[in-house]
Amino acid sequence: MVEFPVDDMRRQFQALERAGPFVFFDNAAGAQIPDTVVEAVTDHLLARNVQRGGPYRHSREVDAMIVRARESVAALVNARGADEIAFGLNATSFIRAISLAVGQTLGSRPELVLSDLDHEANIATWLALERAGARIVWWRARVGDDGARLHTADLGALVTERTRLVACTMASNATGSLVEVADVARRAHAVGAEVFLDAVHYAPHGPIDVQALDCDYLVCSGYKVFAPHMGFAWCRREAINRLPTFREDFIPDVTPDKLEAGTYAYENVAGMEAAVGYLEHLGRRCHPGRATRAEALRVAMTTIAAYERRLSKGLLDAVAGMPGVTVHGVTAPERLCDRVPTLCFSVAGLDSAAVAAGLARCDVGVRSGHMYSPRLMARLGLMPAGAVRASLVHYNTAAEIARFGAALGEVLDDLG
């Protein structure tokens, strides 16, 4: 097995060096970006900060960059073609645009299956369709020893010939638990329903293959996957092209134009292209000789996932036995493949915000609250204070986890 080159990877993130002793354990809210991404954004703003579609060189360069960026993201998610990739502000705006379009096509299939494990962005946008006649069917997480998880077997009684769409996450942004989304698609398609996936929390942690998953729509935010603040959507072209999306009359009624209303931040799209290049470089370094970009990217994300399982184990070990600490999510060491390195925990008798503030004083950045998943937190009995979340990515290290564990111990002693 190739040893993951974490030290070399960290050297490609100037932000980590400039932060000094600070530990970035809030990556689920936004990851740091490698130097090549900073350079791509800066180069765009200095060399071609113009509107696309013009006859002059600078504008043509913007057109060419967007083409390259679509091809890059298509390779990242293994799309059938770059035309299936659309760019915009963030995942939430894409969820809203697609939900509004789906809401106009309910007909004899008025039911939408939603999960209470999800980020609220992938819930509230669909709940708004009740005004258009949608009927919401809840896929409830099972709350038990593993915190809360979605079980696809429960879909058997929920997905019927009246189901228009199942919307769910690939990984809980609160607990880090994974969802068997390929099985979700199999069950939904068996009755003629579609599947909408929120890949925001999962994307930095493992490979995405939309063809293998057999989903219909997938959204992601670039700033979670080492790019600037932007979002992208993959849509099966046959599915999205049937939907009545908003656009000006002169805009083509086919993907990707159907979802790209107005001008987005081109410099951030240039950064997204560079972020994919960073991951491709990692894949080729870890396993030289990969022929295609898609193969190199799959290797990169598979390698990241393997390394991050070690991070997950380190996090769980760091808090094991701490008095009053309860981890919400998969904790069994033999089930590390069912989670990403996101640690959600609460401390008996202590406010989550006080714990997070104490860690901040120790130069460890974590987050507290409901993590935009208040329904899940309520199921876990953690509202209104919520929980504490430490969320890691591949540039984090075992040494940082040790610092986190020591700092948490000090904070609990001080507060207790």
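Everything here concerns the structure above.
Report on the accompanying structure. (Residues numbered from 1 in each chain as written. Predicted model: local features only at pLDDT ≥ 70, side-chain atom pairs only at ≥ 80, totals over all residues. Heavy atoms only, no water.)

Some words on the nonpolar core
Stage number 1. Grouped together as the largest cluster of nonpolar side chains are 116 residues, with contacts concentrated most on Phe 25, Ile 208, Phe 345 and Phe 404.
Stage number 2. For this core, the element with the most residues is helix 10 (residues 266-286), which contributes eleven residues.
Stage number 3. Leaving out residues up to four positions away in the same chain, Phe 25 has contacts with Leu 315, Val 364, Gly 365, Val 366, Arg 389, Ala 390, Ser 391, Leu 392, Asn 396, Glu 400, Ile 401 and Phe 404. (Core = buried A, V, L, I, M, F, W, Y, C linked by side-chain atoms within 4.5 Å. Buried < 20%, exposed > 50% of the residue type's maximum accessible area, 1.4 Å probe, protein only. Helix = DSSP H or I, 4+ residues; strand = E, 2+ residues; numbered from the N terminus. Contact = heavy atoms within 4.5 Å.)

Concerning the pairing of strand 15 (residues 387-391)
Stage number 1. Taking burial as the measure, the five residues of strand 15 include five buried ones, the bulk of the element.
Stage number 2. What you see with strand 15 is no split at all: Ala 387, Arg 389 and Ser 391 on one side and Val 388 and Ala 390 on the other are buried throughout.
Stage number 3. As paired strands, strand 14 (residues 367-369) and strand 15 are joined by three bridges and run antiparallel to one another. Counted as the bridge partner of Gly 369 is Ala 387 from strand 15. (Pairing = 2+ DSSP bridges.)

Some remarks on helix 12 (residues 352-361)
Residues three or four positions apart in an α-helix share a direction because the helix packs 3.6 residues into each turn.
Stage number 1. All of the buried residues along helix 12 are Ser 352, Val 355, Ala 356, Gly 358 and Leu 359. Buried residues along helix 12 cover an arc of 160° about the axis, so they all sit on one side.
Stage number 2. In the segment just after helix 12, Asp 363 is the residue with positive phi, at about 65°. (Arc of directions from axis to C-beta.)

A word on the state of the cysteines
Stage number 1. Under the counting rule described, the total for this entry stands at zero disulfides.
Stage number 2. This cysteine, Cys 168, is not joined by any disulfide, and Cys 215 carries the nearest cysteine sulfur, 9.5 Å off.
Stage number 3. Of the residues examined, Cys 168 reaches a relative accessible area of 0% and is grouped as buried. (Disulfide = S-S within 2.5 Å.)

Describing the packing of helix 4 (residues 57-77) against helix 10
Stage number 1. Taken N-terminus to C-terminus, the directions of helix 4 and helix 10 make an angle of 40°; their axes are 9 Å apart at the nearest point. In terms of orientation, helix 4 and helix 10 fall into the oblique class. Of the two possible hands of crossing, helix 4 and helix 10 adopt the one that is left-handed. Note on element contacts: helix 10 touches helix 4 through Tyr 266, Val 269, Ala 270, Met 272, Glu 273, Val 276 and Leu 279, opposite Val 62, Met 65, Ile 66, Arg 68, Ala 69, Ser 72, Val 73 and Leu 76.
Stage number 2. Per-class residue counts for the contact of helix 4 with helix 10 are twelve nonpolar, one polar and two charged. (Axes fitted to C-alpha atoms, helices over the stretch in contact; angles between N-to-C directions. Parallel < 35°, antiparallel > 145°, perpendicular 65-115°, else oblique. Left-handed = near helix turned anticlockwise from the far one by under 90°. Nonpolar A, V, L, I, M, F, W, Y, C, P; charged D, E, K, R; others polar.)

Some details on the sheet that holds strand 3 (residues 111-115)
Stage number 1. If you walk across this open sheet you meet the seven strands as 2-10-9-8-7-3-4, and the pairing is mixed. Strand pairing shows two members of the sheet lacking a second neighbour, strand 2 (85-88) and strand 4 (135-139), which therefore form its edges. Along the sheet, successive strands turn relative to each other by an average axial angle of 20°, direction set aside.
Stage number 2. In the sheet, strand 7 (residues 163-169) pairs with strand 8 (residues 194-198) via five bridges, with the strands oriented parallel. Within strand 8, the residue paired with Cys 168 across the bridge is Leu 197.
Stage number 3. Along the sheet face, helix 5 (residues 91-102) touches strand 2, strand 3, strand 7, strand 8, strand 9 (217-221) and strand 10 (231-235) and points at about 155° away from the line of strand 9.

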